[in-house]
Amino acid sequence: MKYKTYVAESLEKAMFKIAVDLGKDALLVSHRDIRKGGVFGLFGKKMVEVTAALPVTSKPKPKPQKEELVQEISKEVVQPQIQPQLQLQAQPQPQIQQSYSQPQVQQAFEYAPQYQQYIPQPTVDSQIITMIQKELAEIKGKMTSLAMAGNNIKMFPGKSQEAYQRLINNDVDKELAEEIIKRVVLEAPPNILEDGVFIEGMVTKHIASLLKVDGPVELDDKGPKIIALIGPTGVGKTTTLAKIAADFAFEKRKDVSVVTVDTYRIAAAEQLKTYTDIIGVPLEVAYFPGEFKKAIEMHFNADIILIDTAGRSQRNSIQMAELKAFIDQTGLRIENYLLLSATTKYKELLDIVENFQRVSFHKIIFTKIDEAVCFGPILSLNCRIEQPITYITTGQNVPEDIEIAEPTKLARMIFGV
Ligand SMILES: Nc1nc2c(ncn2[C@@H]2O[C@H](COP(=O)(O)OP(=O)(O)OP(=O)(O)O)[C@@H](O)[C@H]2O)c(=O)[nH]1
Ligand SMILES: [Mg+2]
């Protein structure tokens, strides 16, 4: 161990001297305040005397390269958990004094003029940052073009690729879209695949062949046709009921009766009464399951009995059970039409359908076609479930905004032509 004592105006300056003289392996052994000059030690200048030691075994390190020093110093300056070596090297020795804070050590280094060049200057930092930013921008650019190339991977020949993209853009389920285009490609003569109009015709034909539709309502010979309109809140059950009632009363000249079990909203029965009054058909309001059966039986001489129900959330199992109980307890043959809004996302449609299967429904009516942006989910859902689509509704106007579901028309809507 080689010991050496240094006197300096401050501890920081003494440590700096040690660092320059003995290097960074030096150990701090002790320090004390002294006065230099003055009379008998009085009135002298306040100084610090520091004793440092250098282990003799430690070989002098090769002079660090500029980059190493920059790294080393920045590490010590930036990361507070890394203690400076001067202080850490202090092994358990009786005189070892206080530890030195990071700013103190940093300050000590900053005093050394010959070390100044190795302290990271803003210019070095900004050069490195600019370099990293440039490289990041390059990587980002490459990744973006790779992603774009990925999206543009041509899966199908000629115009059938555009047709596939169009189905995807219209929210048709990916696997279903692939299946449709594969069929088109297999059936089309190769020289025709560049003909956009021909491909369009083939795709719509295929969609139409996939669609299950079943409209309009067919009356029973043996008794009244009983239809209940069920579905989530606000999908258009009451409005659609009024449209169907008006069609049977005015156009088909049939005896129509209406029963409502929607007594949850005060205005619900009023809303329906307004319609039935205009159309000129009777309306019964049933508050309890027992009354419901009686209300239907009172109109057994009608050609068609339409039942309006309260909007039920598919997420509310109590509401769903109530609805099921109302319908089941009559013991009558009631055909349940599930109303779905065409503006609903595919995932939500699946959820609604799955939950309403508990009540059991026979047919589907898609409402608010006029408000929907794309119709792919209608096809995807229709291919996934057994129940056919009977009607679509296209606006708020009663009685005109209702149409019988027609495969070719629906197919063109779904394909977006
Ligand atoms: N744009 C558009 N609006 C519709 C259509 N059908 C119904 N509506 C409107 O949707 C709103 C709700 O209609 P309702 O018939 O009261 O719906 P509901 O399912 O009976 O509602 P609840 O009984 O509260 O569950 C009303 O403003 C209707 O005018 C449609 O096809 N297109
Ligand atoms: Mg209603």
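Keep in mind that this is a model prediction, so the values were computed, not measured.

> Can you walk me through the site of ligand 1 in this structure?
In the vicinity of ligand 1 there are 18 residues, among which Lys237, Thr238, Thr239, Asp370 and Thr393 approach most closely. Contact with the protein chains covers 83% of the free accessible surface of ligand 1, which is 650 Å². Top contributing element to the shell around ligand 1 by residue count: helix H10 (residues 237-251), with 3 residues.

> Please explain the sheet that holds strand S4 (residues 225-230) as it appears in this structure.
Strand-to-strand pairing in sheets goes through backbone hydrogen bonds, with the strands running parallel or antiparallel. Taken together, 8 strands build an open sheet; the order of strands is S6-S5-S7-S4-S8-S9-S10-S11 and the sheet is mixed. The outermost strands of the open sheet, each flanked by one partner alone, are strand S6 (283-285) and strand S11 (402-404). Strand after strand, the sheet turns through a mean of 25° between neighbouring axes, direction not considered.

> Could you clarify how one ought to interpret the sheet that holds strand S3 (residues 45-54) in this entry?
Taken in spatial order, the 3 strands line up as S1-S3-S2 in an open sheet, and their pairing is antiparallel. Taken across any chain shown, the strands that pair with only one partner, and hence form the sheet edges, are strand S1 (2-8) and strand S2 (27-36). Across this sheet, the average inter-strand angle for adjacent strands is 20°, counted without regard to direction. Of the pairings in the sheet, the one linking S2 to S3 comprises 9 bridges and is antiparallel in character. Looking at S3, one finds that Arg35 is bridged to Lys46. Contacts between helix H1 (residues 11-22) and the sheet are confined to S1, S2 and S3, with S1 contributing the most and set at about 140° to the helix.

> How should I be thinking about the environment of Leu350 in this particular structure?
One can find Leu350 in helix H14 (residues 346-356). Taking the C-alpha atoms as reference, Leu350 lies 9.4 Å from Ile385; in sequence the two are 35 residues apart. Leaving out residues up to four positions away in the same chain, Leu350 has contacts with Leu381 and Arg384.

> I keep staring at empty space enclosed by the protein and nothing clicks. Help me out?
By rolling a water-sized probe across the atoms, one finds the places where empty space is left. Inspection of every chain in the model, using the stated rule, returns 4 cavities of 30 Å³ or more. Taken as a whole, the largest cavity spans an internal volume of roughly 80 Å³. Val261, Tyr264, Thr309, Ala310, Arg312, Glu322, Leu323 and Phe326 together form the lining of the largest cavity. Considering only residue class, the lining of the largest cavity consists of 5 nonpolar, 1 polar and 2 charged.

> Before we go on, may I ask you to explain the packing of aromatic side chains in this structure?
Each aromatic ring pair is summarised here by two numbers: the centre-to-centre distance and the angle between the ring planes. As enumerated under the stated definition, the model contains 2 aromatic pairs in all. Judged by centre distance (5.2 Å) and plane angle (55°), the rings of Phe156 and Tyr164 are tilted. For the residue pair Phe156 and Tyr164, the accessibility class agrees, reading buried in each case. Between Phe292 and Phe326 the ring centres are 5.5 Å apart and the planes differ by 70°, which places this aromatic pair in the edge-to-face class. A residue pair is termed long-range when its members are at least 10 positions apart, and Phe292 in helix H12 (residues 289-297) and Phe326 in helix H13 (residues 317-328) qualify at 34 residues. Given a relative accessible area of 12%, Phe326 falls into the buried group. Sitting over the face of the ring of Phe415, Arg166 holds its NZ or CZ atom 4.6 Å from the ring centroid. It is Lys252 that lies over the ring of Phe248; its NZ or CZ is 4.8 Å from the centre.

> Even after reading the chapter, I still don't get the layout of surface pockets, so can you show me in this structure?
Empty space within the second largest pocket amounts to approximately 280 Å³. Lining the second largest pocket are 13 residues, with Asp220, Pro224, Lys225, Ile226 and Arg333 sitting closest to its centre. For the lining of the second largest pocket, the secondary-structure elements that each account for two or more residues are S4 and strand S8 (334-341). By residue class, the composition of the lining of the second largest pocket is 5 nonpolar, 2 polar and 6 charged.

> Teacher, can you tell me more about the packing of helix H7 (residues 160-169) against helix H8 (residues 174-187) here?
In a packed pair of helices, the relevant descriptors are the angle between the two axes and the axis-to-axis distance. The geometry of H7 relative to H8 is characterised by a closest axis approach of 9 Å and an angle of 155° between their N-to-C directions. Accordingly, the angle class assigned to the pair H7 and H8 is roughly antiparallel. Between H7 and H8 lies a crossing whose hand is right-handed. Judged by residue contacts, Ser160, Ala163, Tyr164, Leu167 and Ile168 of H7 engage Lys174, Ala177, Glu178, Ile180, Ile181 and Val185 from H8. For the contact of H7 with H8, the residue count by class is 8 nonpolar, 1 polar and 2 charged.

> I would appreciate a short explanation of the pattern of salt bridges in the present structure.
Two side chains bearing opposite charge may form a pair once their charged atoms approach each other closely. Under the defined criterion, the tally for this structure stands at 17 salt bridges. Here Asp277 and Lys273 are joined by a salt bridge, their closest N and O atoms 3.0 Å apart. Separated by 4 residues within a single helix, Asp277 and Lys273 lie in helix H11 (residues 266-279), roughly one turn from each other. You can call Asp277 partly exposed: its relative accessible area is 47%. Several salt bridges share partner residues, and in doing so they unite Asp214, Lys225, Glu335 and Lys363 into one network.

> Would you take a moment to explain the environment of Ile199 for this structure?
Mapped onto the secondary structure, Ile199 falls in helix H9 (residues 196-210). Between the C-alpha atoms of Ile199 and Gln161, which are 38 residues apart in sequence, the distance is 9.9 Å. Once residues within four sequence positions are removed from consideration, Ile199 is found in contact with Lys159, Ser160, Ala163, Val184, Ile192 and Leu193.

> Before we go on, may I ask you to explain the confidence of the model for the protein in this structure?
Where the model shows low pLDDT, its predicted coordinates should not be examined in detail. Mean pLDDT over the protein: 83, with 78% of residues reaching 70 or higher. In this model residues 72-106 is a low-confidence stretch, pLDDT under 50, and it forms 53 contacts with partners more than four residues away in sequence or in other chains. Low confidence marks residues 108-116, where pLDDT is under 50. Its contacts with residues over four positions away, or in another chain, come to 21 contacts.

> Is there a simple way to think about a nonpolar patch on the surface in this case?
A cluster of nonpolar side chains, namely Ile128, Ile132, Leu136 and Ile139, defines an oily patch on the protein surface of about 360 Å² accessible area. Mapped onto the fold, Leu136 is located in helix H6 (residues 122-151). Classification of Leu136 by relative accessible area gives exposed; the value is 51%.

Calculation criteria
Residues numbered from 1 in each chain as written. Chains lettered and ligands numbered in written order. Predicted model: local features only at pLDDT ≥ 70, side-chain atom pairs only at ≥ 80, totals over all residues. Heavy atoms only, no water. Near = heavy atom within 4 Å. Areas by Shrake-Rupley, 256 points an atom, 1.4 Å probe, with all protein chains shown as cover. Helix = DSSP H or I, 4+ residues; strand = E, 2+ residues; numbered from the N terminus. Pairing = 2+ DSSP bridges. Axes fitted to C-alpha atoms, helices over the stretch in contact; angles between N-to-C directions. Contact = heavy atoms within 4.5 Å. 1 Å grid on protein atoms, 1.4 Å probe; cavity = no way out; pocket = protein on both sides within 12 Å on 5 of 7 lines; lining within 4 Å. Points joined across faces, edges and corners; volume = space filled by probe spheres on them. Nonpolar A, V, L, I, M, F, W, Y, C, P; charged D, E, K, R; others polar. Phe/Tyr/Trp six-rings, centres within 6.5 Å; stacked < 30°, edge-to-face > 60°. Buried < 20%, exposed > 50% of the residue type's maximum accessible area, 1.4 Å probe, protein only. Lys NZ or Arg CZ within 6 Å of the ring centre and 35° of its normal. Parallel < 35°, antiparallel > 145°, perpendicular 65-115°, else oblique. Left-handed = near helix turned anticlockwise from the far one by under 90°. Salt bridge = Lys/Arg side-chain N within 4 Å of Asp/Glu carboxyl O. pLDDT = per-residue confidence, 0-100. Patch = residues over 30% accessible without salt bridge, like charges linked within 9 Å, V, L, I, M, F, W, Y side chains within 5 Å.

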